[in-house]
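What the coordinates show
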Amino acid sequence: MSEVQVLLEPQYTVKIEQNLLERVQVPHARVALIADETAAKYHLTKLVASLEAGGSSVKVFTVPSGEACKNLDVFAKLLSSLALEGLTRDAAIVALGGGATSDLAGYVAASYLRGIAFYVCPTTLLAMVDASVGGKTGVNLIEGKNLVGAFHQPKGVFASLETLSTLPERTFREGAAEAFKHGLIANPALMQPILEPGFNAESSNLETFLKAVIQVKADVVAIDPFEKHQRAFLNYGHTLAHALEAVTVHKLPHGEAVGYGMHYAAIVGKILGYEDVTGHTKAFLNYQQPSKLPNLGFGDVEPFMARDKKADSEGVRFVMLHEIAKPNLERVRREVLLEAWDEFKILF
Ligand code: GLY
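Now for a look at the structure at hand. (Residues numbered from 1 in each chain as written. Predicted model: local features only at pLDDT ≥ 70, side-chain atom pairs only at ≥ 80, totals over all residues. Heavy atoms only, no water.)

1. Regarding empty space enclosed by the protein
- If you walk through the whole model with that rule in mind, you get 3 cavities of 30 Å³ or more.
- Looking at the largest cavity, its volume works out to about 100 Å³.
- Around the largest cavity, the lining is made up of 13 residues, and of these K145, H242, F304, R307 and D308 lie nearest the centre.
- Among the secondary structure elements, those contributing two or more residues to the lining of the largest cavity are β8 (144-151), α8 (238-247) and α11 (298-306).
- In terms of residues, the lining of the largest cavity owes the most to one element, α8, which gives 4 residues.
- Considering only residue class, the lining of the largest cavity consists of 5 nonpolar, 3 polar and 5 charged.
- Looking at the second largest cavity, its volume works out to about 50 Å³. (1 Å grid on protein atoms, 1.4 Å probe; cavity = no way out; pocket = protein on both sides within 12 Å on 5 of 7 lines; lining within 4 Å. Points joined across faces, edges and corners; volume = space filled by probe spheres on them. Helix = DSSP H or I, 4+ residues; strand = E, 2+ residues; numbered from the N terminus. Nonpolar A, V, L, I, M, F, W, Y, C, P; charged D, E, K, R; others polar.)

Structure below.
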């Protein structure tokens, strides 16, 4: 087993191993298990058995897969269900599924009785390397992605690697975007393994690789848990990505939007005279093979970019790479964004 410590107060551990779901136990008499309906088909029985073997009484709530669960309606229904079940403050929420499920479940945990314990069992690559670590929880609005939420750190993360083998190949490649991004912003050695032929859920070095990728996230979160500065660097490529997700009403999945968003950010950086990383981001898109973008103009994405959470009263700020592993948060002039959009759109 590999472990990454997230050095916050209180500290928690991300455990990474094959078949970990068979050993997940939490010190709570009552558990509300919020499970993505697809992940539940494959993994629910063994997770419930482990939790019950540890002495927890488990009530399961299944939610639609992916972003379809991440809204205020599902959130409100879950809160009512917990109240009707009579869950008390010493109960815990356990999330089983991808990043959307853990974002939703974490926000339920942050809100119910003003906050109860929360554990995550991520079942996608994206959730393992990003969403499950760091305590960002929340839901989407029609007006934009992740516009409502709270910081609520999990008490433990159980990344059970065999869950990745049940993912469609496309979903695995989607999640690789966040791992590649961790490479670009902090540790370039993490980029190459993704581009090597045969990188997939069965790769022999996956546990070691994921440990290094998750370490990047844990280090950033420990320095800046509430995104006052450095944590925003994890949002490289996300300003356009979130706009693309919102404008396509989530038909474009998050990891694919991040793949496109990183390439757009790389073009912006090249125009501004920073290190040209477009070769890396293009190589990643060649690996990822994202869905085709709909025919969008800059006017379609600009209003969503303007509502990005990194915006302040003076406007939108972008994460830019001055060099690989040297990110910075800065304002970019509209004409540069537009020029970059024209170059980006010719390609896709
Ligand atoms: N997904 C970016 C963050 O957790 O800050």
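Structure's up, so let's keep going.
2. Regarding the sheet that holds strand β6 (residues 117-122)
- With respect to topology, 7 strands assemble into an open sheet ordered β1-β2-β9-β6-β5-β3-β4, the strand pairing being mixed. Edge positions in the open sheet fall to β1 (2-6) and β4 (57-63), since each of these has one partner strand only. Put simply, the sheet's adjacent strands are angled 15 degrees from each other on average, direction ignored.
- The sheet contact formed by strand β2 (residues 12-17) and strand β9 (residues 156-160) spans 4 bridges and is parallel. (Pairing = 2+ DSSP bridges. Axes fitted to C-alpha atoms, helices over the stretch in contact; angles between N-to-C directions.)

3. Some details on helix α7 (residues 206-223)
- For α7, built from 18 residues, the straight-helix expectation of 26 Å at 1.5 Å per residue is met to within 8% by its first-to-last C-alpha distance of 26 Å.
- Regarding α7, the residues found buried are L206, F209, L210, V213, I214, V216, K217, A218, V220 and V221. (Expected span 1.5 Å × (residues − 1). Buried < 20%, exposed > 50% of the residue type's maximum accessible area, 1.4 Å probe, protein only.)

4. A few points about helix α10 (residues 278-288)
- Taken residue by residue, α10 has T278, T281, F284, L285, Y287 and Q288 as its buried positions.
- Where the residues of α10 are buried, they touch α5 (169-185), α6 (191-195) and α9 (254-271).
- Just beyond α10, the residue with positive phi is Q289, at close to 50 degrees. (Contact = heavy atoms within 4.5 Å.)

5. Description of the pattern of salt bridges
- On inspection of all chains with the given rule, the structure shows 14 salt bridges.
- A salt bridge links K136 to E227; the shortest N-O distance between them is 2.4 Å. Within this pair, whereas K136 is found in strand β7 (residues 136-141), its partner E227 is found in the loop between α7 and α8, the two being separated by 91 residues in sequence.
- Given a relative accessible area of 29%, K136 falls into the partly exposed group.
- Residue classification places E227 among the partly exposed positions, given a relative accessible area of 22%.
- The partner of R173 in a salt bridge is E169, with the nearest N and O atoms 3.8 Å apart. Of this pair, R173 and E169 are both found in helix α5, 4 residues apart, which corresponds to roughly one turn of the helix. (Salt bridge = Lys/Arg side-chain N within 4 Å of Asp/Glu carboxyl O.)

6. Quick word on unusual backbone geometry
- Residues E9 and P10 are joined by a peptide bond in cis, for which omega reads 5 degrees.
- Inspection of the secondary structure puts P10 in the loop between β1 and β2.
- Notably, N146 is not glycine yet its phi reads approximately 55 degrees, a positive angle.
- Looking at where N146 falls in the secondary structure, it is placed in strand β8.
- Phi is positive for Q289, which is not a glycine, with a value near 50 degrees.
- Residue classification places Q289 among the partly exposed residues on the basis of a relative accessible area of 49%.

7. Description of the packing of α8 against α11
- Two numbers describe how α8 lies on α11: the axes approach to 8 Å, and their chain directions differ by 115 degrees. α8 and α11 meet at a crossing whose hand is right-handed. Of the residues in α11, those in contact with T239, L240, A243, L244, A246 and V247 of α8 are D300, V301, F304 and M305. (Left-handed = near helix turned anticlockwise from the far one by under 90°.)

As far as function goes, none of this settles anything; it's purely spatial.
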